[in-house]
Amino acid sequence: MIETVNLFINLFFWLFHVHNKSFDYSFWLGIYGSILAKTADSYVKADLVLCSCAIFLGLFLWDITMATISSSFRKILTSKLLASISILSGVSLIGFGIYFGVQAVNLLLGNI
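Residues numbered from 1 in each chain as written. Predicted model: local features only at pLDDT ≥ 70, side-chain atom pairs only at ≥ 80, totals over all residues. Heavy atoms only, no water.

**Q** Would you mind going over helix α4 (residues 79-109) in detail, with residue names and values included?
**A** Across its 31 residues, α4 extends 44 Å between first and last C-alpha, which sits within 8% of the 45 Å expected from 1.5 Å per residue. One or two steps after α4, the chain reaches G110, where phi turns positive at roughly 80°. (Helix = DSSP H or I, 4+ residues; strand = E, 2+ residues; numbered from the N terminus. Expected span 1.5 Å × (residues − 1).)

Pasting the structure below:
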């Protein structure tokens, strides 16, 4: 079990070094670690390896897809359109943050 976790940690740091996108991979490592911590006791080693490989493959495919899409639309997107998308994304994130913050407070206070 420890060897498997070490293998995937080494794979993560290799991916981190190759892409050098610290925030993106730190986020995904946190998600991966939380999932692995929850499932490590209830699944056999082969299932954990399979799920871990699927997670890393999905992450890799997602990054490749996003890079391809962003490079394809480079000529179409203007600075004004990018600023508008950025503002809309920010407002959406703030809205989701407020919503989930209220849900967390309600859950902690027992109002739900």
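Now that the structure has been shown, the text picks up again.
**Q** Report on the confidence of the model for the protein chain, specifying residues and quantitative values.
**A** The predicted coordinates ought not to be read in detail in places where the model reports low pLDDT. Per-residue pLDDT for the protein chain averages 78, and the proportion of residues at 70 or more is 76%. Here helix α1 (residues 2-19) is the element of the protein chain with the lowest mean pLDDT, 58, and α4 is the one with the highest, 91. (pLDDT = per-residue confidence, 0-100.)

**Q** Explain the packing of aromatic side chains to me, and be specific about the residues and the numbers.
**A** In this structure the tally under the stated criterion is two aromatic pairs. When the ring of F96 is compared with that of F100, the centres are 6.4 Å apart and the planes differ by 15°; the resulting orientation is stacked. Taken together, the residues F96 and F100, both in helix α4 and four residues apart, mark about one turn of the helix. A relative accessible area of 52% places F96 in the exposed class. With centroids separated by 5.0 Å and ring planes inclined at 75°, the aromatic side chains of Y99 and F100 adopt a geometry described as edge-to-face. We classify Y99 as partly exposed; its relative accessible area is 46%. One aromatic cluster is present, formed by F96, Y99 and F100 through successive ring pairs. (Phe/Tyr/Trp six-rings, centres within 6.5 Å; stacked < 30°, edge-to-face > 60°. Buried < 20%, exposed > 50% of the residue type's maximum accessible area, 1.4 Å probe, protein only.)

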